[in-house]
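Secondary and tertiary structure notes
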Amino acid sequence: MSETRKPWHGVIVATSLPFHDDLSVDFGAYGESVARLAAEGMHGVAPNGSLGEYQTLTHEERDRVVETALAHAPEGFTVMPGVGAYGGREAARHARFAKDAGCQAVMCLPPNAYRADDRAVLEHFELVASAGLPVTAYNNPIDTKVDLRPDLLAKLYAEGFIVGVKEFSGDVRRCYEISERAPGLDLMIGTDDTVLEVGIAGAKGWVAGYPQVFPRACLALYEASVTGDLETALPLYRQLHPVLRWDSRTEFVQAVKLGQEMTGRRGGVCRPPRQPLAPETEAVVRAATQALVDAGVN
């Protein structure tokens, strides 16, 4: 790993969160997961994101998740927690905690209590940036109903509020407009099933889900994609895509956790309101995952 790598560059795993049978957080298992991801060559973790079911956690739980990740992160390994919240003051509170705890950056959704306008979005990111850590925006217009359009991202970058964007819109075309409007803003792959397309569009990082299931294969795919090695990337991408596409679907948390269980890692159940996978959905995810296991993918 390059010493000049910025903290939000590389494969930053959006970690799932294991729970005990009573749905309390299993911090011990989570710490083991972070240490394992570091050993497997990942560049960092993003706790308390959507995959970490942040919406169901108390402030105290979110704080302890961050502390657990930091305690198990080797030197040079990024901990970039999500600070998503309904309002900017709450998000800024999580960002201040992250800075005081020793994190290198934070990842922030726009305000998601309602369909916020541009003024509200700018104020939100200004509040989060005031905590003093680099902020990577998380654009997820599908779930938040707030679209961080390329022109809005350019404004946020020009104001010094963000350093990068996790682009989850699924629209690869906008990646080129982002680089035109804000050349210094770092593009990060936000959906596992657009790794190749966004990688060759100039991505500097990947906030990723499925490296928790197939870490070495996903790392190889990322590196081949961002270096334009299509001879390596394309067949690997085709092989992995039947599971990667689940990262962009409503059941992504359950799908990743099932994959973790199937590959000897701790996944487990989700907190309400997330329900177990419907039998027909589980069968599809399980078959796609098992096919890769049988093929020796790891």
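We now turn to the structure provided with this report. Within every chain, residues take consecutive numbers counted from 1 along the sequence as written. In keeping with the predicted nature of the model, local features appear solely for residues at pLDDT of at least 70, side-chain atom pairs appear and are counted solely at 80 or more, and the whole-chain, interface and lining totals rest on all residues. Water and hydrogen atoms were dropped before computing side-chain values, which therefore reflect all heavy atoms in the structure.

**Some details on the packing of aromatic side chains**
Between rings of Phe, Tyr and Trp, where Trp is taken as its six-membered ring, a pair exists when centres lie within 6.5 Å; planes separated by under 30 degrees are stacked, by over 60 edge-to-face, and by other angles tilted. Per the stated rule, a full pass over the model turns up two aromatic pairs. Judged by centre distance (6.2 Å) and plane angle (75 degrees), the ring pair of Tyr138 and Phe168 falls under edge-to-face. One end of the pair, Tyr138, is in strand β5 (residues 135-139); the other, Phe168, is in the loop between β6 (164-167) and α7 (173-181), with 30 residues separating them in the sequence. Phe168 matches Tyr138 in its accessibility class, with the two residues each being buried. Here Trp206 and Tyr222 contribute two aromatic rings whose centre-to-centre distance is 6.4 Å and whose plane-to-plane angle is 25 degrees, an arrangement assigned as stacked. Here Trp206 is found in strand β8 (residues 205-208), whereas its partner Tyr222 is found in helix α9 (residues 215-226), with 16 residues between them in sequence. Considered together, Trp206 and Tyr222 belong to a single accessibility category, that of buried residues. Criterion for a charge above a ring: Arg CZ or Lys NZ at most 6 Å from the ring centre, at most 35 degrees from the ring normal. The ring of Tyr138 carries Lys166 above its face, with NZ or CZ at 3.9 Å from the centroid. Cation over ring: Arg249 sits above Trp246, and NZ or CZ is 4.8 Å from the ring centre. Elements are defined by DSSP. Helices are runs of H or I of four residues or more, strands are runs of E of two residues or more, and each kind is numbered from the N terminus. A 1.4 Å probe rolled over the protein chains alone gives each residue an accessible area, and that area as a share of the maximum for its type sets the label: buried under 20%, exposed over 50%, partly exposed in between.

**Comments concerning the nonpolar core**
In this text, buried Ala, Val, Leu, Ile, Met, Phe, Trp, Tyr and Cys residues form a nonpolar core when linked through side-chain atoms within 4.5 Å. Among the nonpolar cores identified, the biggest contains 101 residues, and Phe125, Leu153, Ile162 and Tyr210 are the most heavily contacted of them. The residues touching Tyr210, leaving out its near neighbours within four places in the chain, are Asp192, Cys218, Val243, Leu244, Trp246, Asp247, Ala255, Val256 and Val285. Contact criterion: two residues are considered in contact whenever any of their non-hydrogen atoms come within 4.5 Å of each other.

**A short note on unusual backbone geometry**
Between Pro272 and Pro273 the backbone carries a cis peptide bond, its omega angle lying at 15 degrees. Structurally, Pro273 is set in the loop between α11 (252-262) and α12 (279-294). Although it is not a glycine, Leu23 adopts a positive phi angle of roughly 70 degrees. Its place among the elements puts Leu23 in the loop between β1 (10-13) and α1 (27-39). Take Leu23: its relative accessible area is 26%, and that puts it in the partly exposed class. For Asn48, which is not glycine, the phi torsion reads 60 degrees and is therefore positive.

**A look at empty space enclosed by the protein**
Grid spacing is 1 Å over the protein atoms alone, the probe is 1.4 Å, and a cavity is where that probe fits but cannot get out, while a pocket is an open set with protein on both sides within 12 Å along at least five of seven lines and lining residues have an atom within 4 Å of a point. Grid points are joined across faces, edges and corners, and a volume is the space filled by probe spheres set on the points. For the structure on display, the rule yields three cavities of 30 Å³ or more. Within this model, the largest cavity holds a volume of roughly 90 Å³. If you go around the largest cavity, you meet 15 residues; those closest to its centre are Ala14, Leu51, Tyr138, Lys166 and Asp247. Here the lining of the largest cavity is composed, by residue class, of eight nonpolar, four polar and three charged. Gly falls in the polar group here, along with every residue not listed as nonpolar (Ala, Val, Leu, Ile, Met, Phe, Trp, Tyr, Cys, Pro) or charged (Asp, Glu, Lys, Arg).

**A few points about the environment of Glu282**
Residue position: Glu282 is located in helix α12. Between the C-alpha atoms of Glu282 and Leu258, which are 24 residues apart in sequence, the distance is 8.4 Å. Residue contacts for Glu282: discarding those within four places in its chain leaves Leu258 and Leu277.

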